[in-house]
Amino acid sequence: MARSAAARLLASSAPSFRASHLHHERRRRPVLLLLLASRSKTSSSKPPRPRPRREPSAAAAPGSSHFVEISDLLASAARPAGDAVLPPGTNGEGCSDDIGASASRRTEGARGIAPQRLTAASSSVASSIPDAAILGGPADDGKPPSVTAATAATDRDESCRLAGDTSTVDSDHANISEVVQRITEVVRSEVSEPSMEQRLESLGSTYTPMLVNMVLKRCFKVRQLGFRFFNWVKQVPGYCHTTETYNSMLYIAGEAKSLGIMEELMEEMDKEMCPKDIKTWTILIASYGRARQIGKMLSTFEAMRKSGSVPIDSKVYRTILHALCNAEKPDLALEFYKDMPRNMEVGSDILRLLMCCLATSDKAAEAVYFVRDNMIKGMKHPERYCYMEALRGFCVSGKLEEAWKVFQQMKNKSIADSSASENLLRGLCKAGRIDEALQIIEYMKSTSGVSSTTYCFLIDGYLRKGEHTKALDLLQVMKEHGCVPLVSSYTQLMQHLFSVDQYEEACRLYEEMLKNCVEPDIVATTALIGGHVRSGHISEAWNVFRNINKNGQKPTLKAYTVFIQELCKASRPLEAVELLKEMLESNFRPSEGTFCRMISALRDKFYLEEATYVERMRTSFYFRSPRDGLQLGPLDGVDTVHGRLGMSNPEEKELALEFIGHPSDQKGKVSSCSLPNDTHQKEQEQDYSDGDVEEICRILLSSDDWGSMQQALKMRSVNFSPNLVDAILKRCKRNSRAALQFYSWVSKRSYYMPTTKTYNTAMKLAGSAKDFKHMRYLYKEMSRTGCSPTVDTWNVMICQYGNAGLSEKALDTFYRMKQLGFLPSKTTYNHMIMYLTRSKGRKIDTAVKIFQEMCRAGHILDNHILSMYLLALCDCRRIADARSSVVSLCERGFSVQVGYSIFLRSLCRAGRMEEALSLFDCIEKHGCSRDHYMYGSLIHGLLRRSRFEYAVAKLTEMKNAGIPQSTHIYTSFIVYHFQKRDAAKALDVLKEMKENGCEPTVVTYSALIRGHMAMGMVSEAWGIFQQMKLKGPAPDFDTYSMFMSCLCKAGRSEDGLQLIHDMLDCGIIPSTVNFMNVVHGLNMEGKDKLAEFVLRSKWDLRRQRTFSN
């Protein structure tokens, strides 16, 4: 079995799910569920049911569109705050309402939840939902949800028929359909008063797992309401969730990438002794894979394997292999593949994907040949097919030397057909190796002949090198040989000619295409429209656009977007507004960049009323009302905040890690920590390839000479879209100077249209390198290029100042932002309070004012920021202010349990143990219960003050109450024993910790390294560090910094220098403090020349990252 691949990342993963279902007692199943038992065994062989027809509703009349709904919204400016606004959606269809049969309590049978997603081709296994489609998000298609019982009726009818009970079909069918419809109408209703729970109680329905599952399946597009119903129904007397209902909820959470909620559901299943079936495990593995949480995915697989209660089938292996390939983990993917059972067939699509992934590894040839040969010998795939896929994998990854070898092998075996030649030709042309491509052309002429597709690849190669004259000559050669060019060849040539201002030549090509009876597709038509507008022929562009429907085509999202952006660039914003209306009427959803471009163009022409109108349209799409978002568990947002904001010291990071995974309180109340909703949504289409990103990044990293880089960029015939530029900037953090030079260069291209999003990314890149001069220059340049700054733009500047320790600058930027009329967002307030409450440069009075302003604005602090805020108040002896802040937050909906847990911990961290113990003793008066988080805070505080006996007493009290120890408590004892210079006891605690199933975290390993270094045990500290790098969790910036400081203090500064090189290799940028610690240590050790070398390295790194002189 696949053990070793999974075991490698188990240490960095969340604790494995307990296989408690081995000891579960089987509970009695409701009688109604028995009727569906036989259907669940056969449903997997049937195609999915069609999507139920949408019924007209009050929310959306038949034929309604985005524009109609937005117009209604804008017309009712005085609408009450509680009314729903038009939520953002996407242009594609969402997942089917049918996620599998609402089957019996038994876990055997088909895997019903989204079978097509889990078993289809490799492209669909790792499909992910759009950014907007988080829990609490709208329907995937952006249309109002409908309520129908057709699916329930079909389920019931089929189940009764299969069970042989045809006498009750009609009556049961009608009863269940009616009940499900009534409940679903209540759940999905927009009425705020009375509450959904009160209306559900008034129905008087009898809730069975089958009925609940059918309701949940109709809540995929209103996920927050489904979660609310799920939590409410488990409080109904006599009701108990089953595996099927948990699976439905797990699928909803997994599709939304809400892994915290998904893990809480798993813990709840264990607590309720609800067994996990194959469907449960598959949903978990697929969800972790889509979120690229590889460690958690493998630990889940290991837990599934160890449970032994369910057979592991090919779908599980398919899902894991796809996730590993998608996450670009070729070594793990190969190891996992080798450990699979020999008779396990995962499908040719997954094997094709695997070979493409392995072709990118260091030992690409060996890995790809292993899979290829195994496919031939073990799986009996055709030899020609296996060699072809190996060739394709090498071509896609750019390993053309290996591709040549495979092609020669195919020629020697006489299996090199035209497809093999075309694959190699395409790879050579994409890499710009035209001479070798021409050799392939000559070979093809002598064997299989040359087709239009062959010439298409060669034309693309010439255009990539900027040699459009040779591409046009090749087009003429094609016609002389009687070969009709493809529409894609004409389109590429037209686009290139338009970009170099050869308008007449491009139009001539289009006429020639029509003359040769080559039917233009929508891409060619869009290119023609863009070229007409760019050249000032607006009326011709409108004529082409109006004739699209006459040609049997329909405008696409891309066509609308290109036309609108070109009109704005040509200073025709009013025409762009009319086109936007048509776009909305066609149910297409404009991107954020499209809205920003239009608003900027309208303001430049002083069409302020129209700009306000479009701004309100944009707001209706990209800013949801608070009731649209599902509130998470109390501390579910800590992970996100920690990853986004960073920590100033290891203790602050421990504050965040201590509370990760805090459960919600027993009454099901949750805090107001909502899932993040980025203002900038992703474009609906990815208009670039990953190969283009890698190619440009390779150029930017190849030299320090901008002139040579610029020459290389000009040689690449790449159409730089805003999305492509944004992706390139994000990949070049270490060499931000080259990235910013590239951004300045591409902004001057005639065809390039900058967006607010790309400017924000460039500003973040400059600010992260502390090049604030260029960051401010980019902000001023935004207005000149027609891009409107947003709240996110100001957040970028505030964050960069704050991260650099310039809290005064951050505060000035915050005030300037408000003076210009921008309303701070929740992110803005969170960052400001974090920077103002840090121990260095603390401004507690200002932080209190901003906190009060934040509450008045209706925002609530994230959990980690609240920890920092309360700790700062306690440090400043403002206990009353801290207490009143907690009370104020709880009155606004924050979880009481979490609020007082954080308050208690803040008192302990500030050394206010007497107040902490007093609060702990009367915690029930505040509506809270004692849990291991509270005990952990007290024990940690007592140990920090060397009150070991009291800490042990609290630990004993906690065990007697049946509360298990946490990783945080074990870590606190490890730190204490090292402080007492007792390494043996510290290691005994570590051993006990692992035996009890608590996995060490980064904080635990950092404490071990620090403790060993304090006792002079350098080799042991290195051993722990190497173990982290090999088995995880991987060292982070704080771990590197701490270890480096300890080594320098111990006279091992050269080892500290090695850590700097390791940081750079891992993509972590060392700080100035890191360099100064090493330099100081080397000078103290008399190694002056080496210290000078380190200083030069620091300056070189600084030069690579800053744009300004």
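Residues numbered from 1 in each chain as written. Predicted model: local features only at pLDDT ≥ 70, side-chain atom pairs only at ≥ 80, totals over all residues. Heavy atoms only, no water.

Asker: Any chance you could explain the overall build of the protein here in plain terms?
Answerer: Broken down by element type, the protein carries 59 helices and zero strands. Across the protein, every contact between residues at least 6 apart in sequence was considered, and the portion connecting residues at least 24 apart equals 71%. When the accessible surface of the protein is summed, it comes to about 47,200 Å², and 50% of that surface belongs to carbon and sulfur atoms. (Helix = DSSP H or I, 4+ residues; strand = E, 2+ residues; numbered from the N terminus. Contact = heavy atoms within 4.5 Å. Areas by Shrake-Rupley, 256 points an atom, 1.4 Å probe, with all protein chains shown as cover.)

Asker: Quick question: what am I supposed to make of the pattern of salt bridges here?
Answerer: A side chain with one charge may pair with a side chain of the opposite charge, provided their charged atoms come close. This structure, assessed with the given rule, holds 38 salt bridges. Notably, a salt bridge pairs Lys405 with Glu402, separated by 3.6 Å at the nearest N-O pair. Within this pair, Lys405 and its partner Glu402 are both found in helix 21 (residues 400–412), separated by three residues, close to a single helical turn. Asp1062 serves as the salt-bridge partner of Lys1029, at 3.5 Å between the closest nitrogen and oxygen. Linking Lys1029 in helix 55 (residues 1018–1031) with Asp1062 in helix 57 (residues 1053–1065), this pair joins segments that are 33 residues apart in sequence. According to the relative accessible area criterion, Asp1062 is buried, its value standing at 11%. Three or more residues are tied together by salt bridges with common partners; here these are Arg352, Glu389 and Arg392. (Salt bridge = Lys/Arg side-chain N within 4 Å of Asp/Glu carboxyl O. Buried < 20%, exposed > 50% of the residue type's maximum accessible area, 1.4 Å probe, protein only.)

Asker: Is there a simple way to think about the state of the cysteines in this case?
Answerer: Each disulfide consists of a covalent bond between the sulfur atoms of two cysteine residues. All told, the structure shown has zero disulfides when counted by the stated rule. Cys240 provides the cysteine sulfur closest to Cys274, a residue in no disulfide bond, and the two sulfurs are 6.9 Å apart. Given the relative accessible area of 0%, Cys274 is considered buried. (Disulfide = S-S within 2.5 Å.)

Asker: Could you clarify how one ought to interpret the side chain of His496 in this entry?
Answerer: Position of His496 among the secondary structure elements: in helix 26 (residues 487–499). Residue His496 is classed as buried on the basis of its relative accessible area of 13%. Ignoring sequence-local partners within four residues, the contact set of His496 consists of Leu463, Gly466, His468 and Ser717.

Asker: Looking at this model, I keep getting lost on the environment of Phe978. Mind explaining?
Answerer: Within the fold, Phe978 resides in helix 52 (residues 967–979). The exposure class assigned to Phe978 is buried, which follows from its relative accessible area of 5%. Placed 32 residues apart in sequence, Phe978 and Arg1010 show a C-alpha to C-alpha distance of 8.6 Å. Excluding its chain neighbours within four sequence positions, the residues that come into contact with Phe978 are Ala983, Ala986, Ala1007, Leu1008, Gly1011, His1012 and Met1015.

Asker: Can you help me understand the packing of helix 19 (residues 364–377) against helix 21 in this one?
Answerer: The description of two packed helices rests on the angle between their axes and on the distance between the axes. Axis separation between helix 19 and helix 21 bottoms out at 11 Å; the angle between their running directions is 35°. Seen from above, helix 19 lies across helix 21 with right-handed handedness. Only Glu402, Lys405, Val406 and Gln409 of helix 21 make contact with helix 19, whose side of the interface consists of Ala365, Tyr369 and Arg372. (Axes fitted to C-alpha atoms, helices over the stretch in contact; angles between N-to-C directions. Left-handed = near helix turned anticlockwise from the far one by under 90°.)

Asker: Looking at this structure, I do not really get the environment of His481. What am I missing?
Answerer: With respect to the secondary-structure elements, His481 resides in the loop between helix 25 (468–480) and helix 26. Overall, His481 belongs to the exposed group, its relative accessible area being 59%. Along the primary structure His481 and Val450 are separated by 31 residues, whereas in three dimensions their C-alpha atoms are 9.9 Å apart.

Asker: Before we go on, may I ask you to explain the nonpolar core in this structure?
Answerer: Side chains of a nonpolar character, in soluble globular proteins, are inclined to be buried together. Tyr207 and Phe229 are the most contacted members of the largest nonpolar core, which has 167 residues in total. If one sorts the elements of this core by residue count, helix 20 (residues 383–397) sits on top with eight residues. Dropping the residues within four chain positions of it, Phe229 is found in contact with Ile183, Val187, Met196, Leu200, Tyr207, Val212, Val215 and Leu216. Grouped together as the second largest cluster of nonpolar side chains are 143 residues, Met709, Cys732, Met834 and Val1079 included. (Core = buried A, V, L, I, M, F, W, Y, C linked by side-chain atoms within 4.5 Å.)

Asker: What exactly am I supposed to notice about unusual backbone geometry here?
Answerer: A negative phi angle is the norm for most residues apart from glycine, just as the trans form is the norm for most peptide bonds. At the junction of Gly1032 and Pro1033, the peptide bond is cis and its omega measures out at -5° in the coordinates. Tracing the chain through its elements places Pro1033 in the loop between helix 55 and helix 56 (1037–1049). The phi dihedral of Ser571 falls on the positive side, at around 60°, and the residue is not glycine. On the basis of relative accessibility, which here comes to 41%, the residue Ser571 falls in the partly exposed class. Positive phi is not limited to glycine here, since Asn587 has a value of about 65°. Of note, Asn587 is situated in the loop between helix 31 (573–585) and helix 32 (592–604). Judged by its relative accessible area of 25%, Asn587 falls in the partly exposed class.

Asker: How do you make sense of helix 53 (residues 983–995) when you look at a structure like this?
Answerer: Helical geometry: 3.6 residues make up each α-helical turn, so side chains three or four residues apart lie on a common side. Relative to the 18 Å expected for 13 residues at 1.5 Å per residue, helix 53 spans 18 Å between its end C-alpha atoms, a close match to the ideal helical length. For helix 53, the complete set of buried residues consists of Ala983, Ala986, Val989, Leu990 and Met993. End-on, the buried residues of helix 53 take up no more than an arc of 120°, which puts them together on one face. Seen from the open side of helix 53, the exposed residues pointing more than 90 degrees away from its buried face are Lys991 and Glu995. Among the structural elements, helix 52 and helix 54 (1002–1014) are those in contact with the buried residues of helix 53. The first or second residue beyond helix 53 is Gly997, which carries a positive phi of 85°. (Expected span 1.5 Å × (residues − 1). Arc of directions from axis to C-beta.)

Asker: I would appreciate a short explanation of the side chain of Thr761 in the present structure.
Answerer: With respect to the helices, strands and loops of the structure, Thr761 is situated in helix 40 (residues 756–768). Of the polar contacts made by the side chain of Thr761, one reaches the side chain of Asp726; its length is 2.4 Å. (Polar contact = N/O pair within 3.5 Å; in protein donor to acceptor, adjacent residues only side chain to side chain.)

Asker: What should I look at first to understand helix 55 in this one?
Answerer: Taking 1.5 Å of rise per residue, the 14 residues of helix 55 would be expected to cover 20 Å, and the 20 Å separating its terminal C-alpha atoms lies within 8% of that figure. Positive backbone phi, at 85°, marks Gly1032, one or two positions downstream of helix 55.

Asker: I would appreciate a short explanation of the packing of aromatic side chains in the present structure.
Answerer: Within a pair of aromatic rings, the relevant descriptors are the distance that separates the centres and the angle that separates the planes. Overall, the coordinates contain 34 aromatic pairs when judged by the stated rule. With a centroid separation of 5.8 Å and an interplanar angle of 65°, the aromatic rings of Phe301 and Tyr317 are classed as edge-to-face. Linking Phe301 in helix 15 (residues 294–307) with Tyr317 in helix 16 (residues 314–326), this pair joins segments that are 16 residues apart in sequence. Tyr317 sits in the buried class, given a relative accessible area of 0%. The interplanar angle of 70° and the centroid separation of 5.0 Å between the aromatic rings of Phe920 and Tyr935 together place this pair among those described as edge-to-face. Highlighted residues: Phe920 in helix 49 (residues 913–921) and Tyr935 in helix 50 (residues 932–944), separated in sequence by 15 residues. Assigned by exposure class, Phe920 and Tyr935 land together as buried. (Phe/Tyr/Trp six-rings, centres within 6.5 Å; stacked < 30°, edge-to-face > 60°.)

Asker: Help me understand the environment of Gln965, please; the structure alone is not making it clear to me.
Answerer: You can see Gln965 is positioned in the loop between helix 51 (948–960) and helix 52. A polar contact of 3.5 Å, which involves the side chain of Gln965, links it to the side chain of Lys959.

Asker: Mind showing me how you'd approach a positive patch on the surface here?
Answerer: There is a patch of like positive charges on the surface, built from Arg776, Lys780, Arg784 and Lys809. Looking at which element gives the most residues to the positive patch, the answer is helix 41 (residues 772–784), with three residues. Here Lys809 lies in helix 43 (residues 807–819). (Patch = residues over 30% accessible without salt bridge, like charges linked within 9 Å, V, L, I, M, F, W, Y side chains within 5 Å. Lys, Arg positive; Asp, Glu negative; His and termini not counted. Charge placed at Lys NZ, Arg CZ, Asp CG, Glu CD.)

Asker: Would you explain the packing of helix 11 (residues 223–233) against helix 12 (residues 243–255) in this entry?
Answerer: Interhelical geometry of helix 11 versus helix 12 gives an angle of 150° and a closest axis separation of 11 Å. Judged by the angle between their axes, helix 11 and helix 12 are roughly antiparallel. For the pair helix 11 and helix 12, the sense of crossing is left-handed. Within the contact between the two elements, helix 11 uses Arg223, Gly226, Phe227 and Phe230 and helix 12 uses Thr245, Tyr246, Met249 and Ile252. Its residues placed into classes, the contact of helix 11 with helix 12 shows five nonpolar, two polar and one charged. (Parallel < 35°, antiparallel > 145°, perpendicular 65-115°, else oblique. Nonpolar A, V, L, I, M, F, W, Y, C, P; charged D, E, K, R; others polar.)

Asker: Any chance you could explain the confidence of the model for the protein here in plain terms?
Answerer: In this model, the protein carries a mean pLDDT of 75, and residues with pLDDT of at least 70 account for 77%. Note on residues 1–170: pLDDT is under 50 here. Beyond four places in sequence and across chains, it has 393 contacts. Low confidence marks residues 623–685, where pLDDT is under 50. Its contacts with residues over four positions away, or in another chain, come to 174 contacts. (pLDDT = per-residue confidence, 0-100.)

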